Amino acid sequence: MDRPMLPESVLQHAPVHVLDVGANPLDDEVPYVDLLDAGLARVTGFEPLPEAMERLRGLAGPHERYLPHAVGDGGRHVLHVCEEQGFSSLLRPDPMRLAHLVDFERLGRVVDEVEIDTVRLDDVPDLGPVDLL
């Protein structure tokens, strides 16, 4: 496999630590799969939705860990759960902006609102230095 296109300054320090906030993928393959497959990355992902968390942990390789948290300021906030759960966010989707993209208005439609606690990155044990966010 060819090495992914990254700056040489990043590749010198491989494996890089990728931090994936809202790790629920829109399909079954995470966007950094090539880095993982090439042995160039380790991943810490955060995903507050239980079904997505279970799926991520089931697909995870040896260099991935996923934590069941929403990243924020450490306070309690509303998670806007969308039709396509990968669009879910602490930020409410803007339907007018989503309407400019094919099918995003439907995919980003809020179907539930859930109050959740968030975690500050500074409070995550064993996080260590992060190279890519």
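To keep things clear, this report deals only with the structure shown in the data block. (Residues numbered from 1 in each chain as written. Predicted model: local features only at pLDDT ≥ 70, side-chain atom pairs only at ≥ 80, totals over all residues. Heavy atoms only, no water.)

1. Observations concerning a nonpolar patch on the surface
(1) Moving on: Together, Val-21, Val-130 and Leu-133 make up a nonpolar patch on the protein surface, roughly 280 Å² of accessible area in all.
(2) Moving on: Mapped onto the elements of the fold, Leu-133 is located in the segment after strand S6 (110-119).
(3) Moving on: Looking at Leu-133, the relative accessible area reads 77%, which means it is exposed. (Patch = residues over 30% accessible without salt bridge, like charges linked within 9 Å, V, L, I, M, F, W, Y side chains within 5 Å. Areas by Shrake-Rupley, 256 points an atom, 1.4 Å probe, with all protein chains shown as cover. Salt bridge = Lys/Arg side-chain N within 4 Å of Asp/Glu carboxyl O. Helix = DSSP H or I, 4+ residues; strand = E, 2+ residues; numbered from the N terminus. Buried < 20%, exposed > 50% of the residue type's maximum accessible area, 1.4 Å probe, protein only.)

2. Description of the environment of Gly-61
(1) Moving on: Locating Gly-61 in the fold gives a position in the loop between helix H3 (50-59) and strand S3 (64-67).
(2) Moving on: Given the relative accessible area of 26%, Gly-61 is considered partly exposed.
(3) Moving on: Taking C-alpha positions, Gly-61 is 8.3 Å from Leu-36, a pair spaced 25 residues apart along the chain.

3. Let's talk about a negative patch on the surface
(1) Moving on: Taken together, the side chains of Asp-27, Glu-29, Asp-34 and Asp-37 make up a negatively charged region of the molecular surface.
(2) Moving on: Mapped onto the fold, Asp-34 is located in helix H2 (residues 33-37).
(3) Moving on: A relative accessible area of 42% places Asp-34 in the partly exposed class. (Lys, Arg positive; Asp, Glu negative; His and termini not counted. Charge placed at Lys NZ, Arg CZ, Asp CG, Glu CD.)

Remember that the coordinates give geometry; whether it matters functionally is a separate question.
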